[in-house]
Amino acid sequence: MDNDRPKGLWGRLKGGFTSGKNHKDTEETMAGLTQERVLDVLKQVKSPDGKSNIVDQDLVADLFVSDGRVVFSIRVPAERASELEGLRQAAEKVVSVLPDAETVLVALTAEKQPGSPSAPPPAARKAPPKGTPMPAKQEVPGVKHIIAVASGKGGVGKSTTSANLALALSAMGLKVGLLDADIYGPSIPKLMGASGQPEVLENRIMKPLEAHGIKLMSIGFLVEEETAMIWRGPMVVSALNQMLREVDWGELDALIVDLPPGTGDVQLTMAQKVPLTGALVVSTPQDLALLDARRGIAMFEKVAIPVLGIVENMSHFVCPDCGGTHEIFGHGGAKAEAEKMKVPFLGEVPLIMEIREQSDTGTPITVSNPDSPVSKAYGIIAAGLWQGVLQPTRDAARSAPKIVVG
């Protein structure tokens, strides 16, 4: 076996994924690497009951084989998912030894068996007894603080905010990394003007790309731009975990994690398993976006992740012709919501043409025009965010100075 070959997520993932382990027309192969060959070696892996193997018990699903890439999931009982991690590792190992297997990604899929009782909704689940220690979160070597940037819904400029805040923190003299955790719609490569594939180091560890002084990792560096990411939840969580922990980040003061929009399993898993220093919530001023932002704040509070602040993006539109301001989405809603939820309000960012234009070129406004009022607004927000990281407080919300672009 060639130990220098990239395994796990870190192969050249250039194709999409299909579902159905018997879907023959997806069986594109390299010499000696076929679905039948993969299933044959997987018969070496015993089933959870120890009486048979995972193939004969029909536990292998979503098998995809193409150009040295092997991706599949293993169906296991939901209540045993944690204890069966060794089974997943065994399956990955036996497939990895195949001569032409350059990429192997395996995930456990917990599915409810027919006739089994439904799990209670989150609100109905009993909390652990007081004093019960929470599961330990695995640290990321070299990274001092991990900050999640979240939004209750898509389309509010969360990724643009993540990129510019990372750059603003870097301008403060900090060593900063940026992880694009939006598996289905990665946009950080475009925003940061970065392309190419990460270099594979020893033991499957990846060297992050770098742009504008920021270390970057994104699924967008590992798949073709047009590829549709059709992944189940467990596979997404597995990919995120590898992008976080199988990367040589070096020594970082802060790692900004651009989360997918919403408050689903991915966000909850990240909050529960990643040692987040805190979270920043991005919203636009209108009531609908604020409602979703409220849900995001509530989610972080339930898992004991400090909310470091709220940012009001697209606070108002600045006309490029007359310079007038127009409150297209309303104004001040995020600040009012921050005061209501008793979390810091870090500032507002207007909607101007230059932000979009520079984002499209891969040179964010904080790099292309660092002296602009908008860049200064990002700088103030970054300073407030970092203050919350170094001096966490549960006091009443604090307000950042208002930046007026005219």
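Residues numbered from 1 in each chain as written. Predicted model: local features only at pLDDT ≥ 70, side-chain atom pairs only at ≥ 80, totals over all residues. Heavy atoms only, no water.

*Asks:* With reference to specific residues and values, describe the pairing of strand β9 (residues 214-218).
*Replies:* The buried fraction of β9 amounts to 4 of the 5 residues, a majority that puts the element mostly inside the structure. Bridge count between strand β5 (residues 176-180) and β9: 4 bridges; the pairing is parallel. When the bridges of β9 are listed, glycine 177 appears paired with lysine 215. The hairpin turn running from strand β8 (residues 209-211) into β9, its antiparallel successor, is 2 residues long, and histidine 212 in that turn takes a positive phi close to 55°. (Buried < 20%, exposed > 50% of the residue type's maximum accessible area, 1.4 Å probe, protein only. Helix = DSSP H or I, 4+ residues; strand = E, 2+ residues; numbered from the N terminus. Pairing = 2+ DSSP bridges.)

*Asks:* Outline the nonpolar core, listing residues and values.
*Replies:* Of all hydrophobic cores here, the largest spans 41 residues; its most connected members are Ile146, Leu179, Trp249, Leu255, Val257, Leu259 and Phe300. Within the residue set of this core, elements represented by two or more residues are β4 (143-150), α5 (233-245), β10 (252-258), α6 (265-273), β11 (278-283), α7 (287-302), β12 (307-318) and α8 (333-341). Examining the composition of this core, we find that 5 residues originate from one element, α5, more than from any other. Discounting chain neighbours no more than four positions away, the residues touching leucine 255 are Val143, His145, Ile146, Ile147, Gly177, Leu178, Leu179, Leu244 and Trp249. The next biggest cluster of nonpolar side chains, apart from the first, holds 39 residues, and it includes Leu174, Ala211, Ile355 and Ile381. (Core = buried A, V, L, I, M, F, W, Y, C linked by side-chain atoms within 4.5 Å. Contact = heavy atoms within 4.5 Å.)

*Asks:* Describe helix α1 (residues 35-42), and please don't skip the residues or the numbers.
*Replies:* By the burial criterion, the buried members of α1 are Gln35, Val38, Leu39, Val41 and Leu42. Projected onto a plane normal to the axis of α1, the buried residues spread over an arc of 165° and lie on a single side. In this structure, the buried residues of α1 make contact with β1 (60-66), β2 (69-77) and α2 (85-96). (Arc of directions from axis to C-beta.)

*Asks:* Before we move on, could you go through the side chain of asparagine 164 and cite the residues and values that matter?
*Replies:* Residue placement: asparagine 164 occurs in helix α3 (residues 158-171). According to the relative accessible area criterion, asparagine 164 is buried, its value standing at 1%. For asparagine 164, the side chain forms a polar contact with the main-chain oxygen of threonine 160, separated by 2.9 Å. Look past the residues within four positions of asparagine 164 in its chain and what remains in contact with it is Pro364, Ile365, Thr366 and Tyr378. (Polar contact = N/O pair within 3.5 Å; in protein donor to acceptor, adjacent residues only side chain to side chain.)

*Asks:* An account of the packing of α3 against helix α11 (residues 373-390) is requested, with residue identities and associated values reported.
*Replies:* Direction vectors running N to C along α3 and α11 enclose 75°, while the axes themselves pass 9 Å from each other. Taken together, the axes of α3 and α11 lie roughly perpendicular to each other. Residues Thr160, Thr161, Asn164, Leu165, Ala168 and Leu169 of α3 touch α11, and the partners they reach there are Tyr378, Gly379, Ile381, Ala382, Leu385 and Trp386. Classifying every residue of the contact of α3 with α11 gives 8 nonpolar, 4 polar and no charged. (Axes fitted to C-alpha atoms, helices over the stretch in contact; angles between N-to-C directions. Parallel < 35°, antiparallel > 145°, perpendicular 65-115°, else oblique. Nonpolar A, V, L, I, M, F, W, Y, C, P; charged D, E, K, R; others polar.)

*Asks:* Please provide a residue-by-residue account of the pattern of salt bridges, values included.
*Replies:* Under the defined criterion, the tally for this structure stands at 5 salt bridges. Notably, a salt bridge pairs aspartate 58 with arginine 75, separated by 3.5 Å at the nearest N-O pair. Here the residue aspartate 58 occupies a position in the loop between α1 and β1, and arginine 75 occupies one in strand β2, the gap between them amounting to 17 residues. For aspartate 58, a relative accessible area of 37% puts it in the partly exposed group. (Salt bridge = Lys/Arg side-chain N within 4 Å of Asp/Glu carboxyl O.)

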